[in-house]
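A structural walkthrough
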Amino acid sequence: MQSGVQVPYHRPSIGDEEIDEVVRTLKSGWLTTGPRTAQFEQEFSAYANVPHALAVNSCTSGLHLALAALNIGPGMEVITTPLTFCATVNTIIHTGATPVLADVGPDGNIDPASIQSRITDKTRAIVPVHFAGLPCDMDAIWFLARRHGLDVIEDCAHAAGAFYKGGHAGAASPLTGEHSAASVFSFYAVKNLTTGEGGMVLTHDEELASRMKILSLHGISKNAWNRYSDRGHWGYEVLESGYKYNMSDIQASIGIHQLRKLEGFIETRTRFVDLYNSLLADVEEVERPPEKPDCRHAWHLYTLRLNLERLAIGRDEFIEQLKDRGVGTSVHFIPIPLHPFFASRAKLRQNHCPRALALYPRLISLPLFPAMTEDQVEYVAKTVRQIARKSRKHVWAAMAAVGD
Ligand SMILES: *Cc1c(COP(=O)(O)O)cnc(C)c1O
């Protein structure tokens, strides 16, 4: 084994195109929401094939905005997944509504059968998360939503570049025309497409789009850009108490060029995943991440699953040994019920998620980003194989464990 090899968990791919555009924006004199944000919205809307796009300062604010604009609030329940970032659940709590957790299926995504079991007369919405970039079973989710009169808000934080049955994640199904009320993307630093910090809300509903736009900027009827186009008229009205969630043109300058590179990013991610998969195919101590034939995985994350019954060490020790050999990793996610902020709610029957809790100790996210080299992918795979082989539980020990 080579010493001194270092593979970080992530490094963003920012090129001269992004840098030059940011410099042009800085020199233009227009820094906040303006022409570049409008351009980024138009181009993202065209790429995903959804008519209305609103750029925001994070996916978290976009999720909150969509929930608020759909009038979700106290006394209502919103069903989401335990295998997500805290933001998905926090934004539900911020509206005053009650988050309810449905368990995940074998693919790590929210399980429609578990959603169905959580629906009560208080349920108002479902927030599925396309975990790791693999689309959820949207047909089943839309079916439940239609039958029970619920809104669907897709957390597409991992899903830029993902396709569900031929349509972009967050868009309408080309087969049925069904779609969610809103879909929210993240452009956080480590995501498939980054603006440093940022997000985008997509919707097919023109009225919802205009309500979200107003709420995203204090509830003001016209934003600063419109006032500017109106040749400096000073007038504005605050229609309702809104938020401060708008994207700046500095962020949009990065996003415009990241979007143009997205298809290439996904191609590279997919090539590295194929390489990981082939190099790890015969390592029985680990399981490769799930895929689905009718979806294009965006491969935001490569979530390796340890076969713990075949290993003499646990996930945390596995991660330590990777770190000792220079490989950075992460874990997606610490399930929501395990966080202190959720402790009192986790005890409730409606939030029991045994499958998510059983999956969690098996999960390791390996480095996967377009700026990696094939040599780095090979080094990571080789290191995983070495640790797995060295830590293999011997057959007699496994049999003794079965006999216990
Ligand atoms: C990253 C992430 C978010 C939050 O995105 P921000 O843009 O940082 O607000 C929400 N949900 C999931 C599943 C995420 O991974």
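Residues numbered from 1 in each chain as written. Predicted model: local features only at pLDDT ≥ 70, side-chain atom pairs only at ≥ 80, totals over all residues. Heavy atoms only, no water.

Examining the side chain of H130
Quick note on the threshold: The numbering of helices and of strands both runs from the N terminus, where a helix is a DSSP run of H or I of at least 4 residues and a strand a run of E of at least 2. Any residue under 20% of the maximum accessible area for its type is buried, any over 50% is exposed, and the rest in between are partly exposed; the area is computed with a 1.4 Å probe on protein chains only. Polar contact is defined as a pair of N or O atoms within 3.5 Å, subject to the rule that within protein one atom must be able to donate a hydrogen and the other to accept it, and that residues adjacent in sequence are counted only when both atoms are side-chain atoms.
Relative to the helices and strands, H130 resides in the loop between β4 (123-127) and α6 (138-148). Classification of H130 as buried rests on a relative accessible area of 1%. In terms of polar contacts, H130 uses its side chain to reach the side chain of E154, at 2.7 Å.

Comments concerning the environment of F272
Our working rule: When checking whether two residues touch, look at their non-hydrogen atoms; a contact exists if any pair is within 4.5 Å.
On the secondary structure map, F272 appears in helix α9 (residues 249-280). Among the residues examined, F272 registers a relative accessible area of 2% and is labelled buried. Put simply, F272 and V283 are eleven residues apart on the chain and 17 Å apart in space, counted from C-alpha to C-alpha. Apart from residues lying up to four places away in sequence, F272 is in contact with L368, F369, P370, M372, T373, E374 and V377.

Remarks on the site of the ligand
Definition in use: For this description, a residue counts as near a given molecule or strand if any of its non-hydrogen atoms is within 4 Å of it. For every accessible area listed, the method is Shrake-Rupley and the probe measures 1.4 Å; residues are considered covered only by the protein chains on display. The classification used treats Ala, Val, Leu, Ile, Met, Phe, Trp, Tyr, Cys and Pro as nonpolar, Asp, Glu, Lys and Arg as charged, and all other residues, Gly among them, as polar.
For the ligand, the set of nearby residues contains 15 residues, the closest of which are T60, D155, H158, S186 and K191. Within the contact set of the ligand, an oxygen atom lies 2.7 Å away from a side-chain nitrogen or oxygen of H158. The separation between an oxygen atom of the ligand and a polar side-chain atom of S186 is 2.7 Å. About the coverage of the ligand: the protein hides 93% of its 380 Å² of free accessible area. Considered class by class, the residues forming the shell around the ligand number six nonpolar, seven polar and two charged.

Focus on the domain arrangement of the chain
What counts is decided by this rule: Note: domain ranges come from an automatic or database domain assignment. A carboxyl oxygen of Asp or Glu within 4 Å of a side-chain nitrogen of Lys or Arg is what we treat as a salt bridge.
Per the domain assignment, the segments making up the chain are domain 1 (16-258) and domain 2 (262-403). Centre-to-centre separation of domain 1 and domain 2, based on C-alpha positions: 28 Å. Our enumeration of links across domain 1 and domain 2 arrives at three salt bridges. Measuring nitrogen to oxygen at the nearest pair gives 3.3 Å for the salt bridge that ties D107 to K292. If you look at where domain 1 meets domain 2, you find 22 residue pairs in polar contact (both at pLDDT 80 or more). Residue assignment for the side of domain 1 that touches domain 2 shows that the elements contributing at least two residues are α4 (86-94), β3 (98-101), α5 (112-118) and β6 (163-164). Considered class by class, the residues forming the side of domain 1 that touches domain 2 number 25 nonpolar, 13 polar and eight charged.

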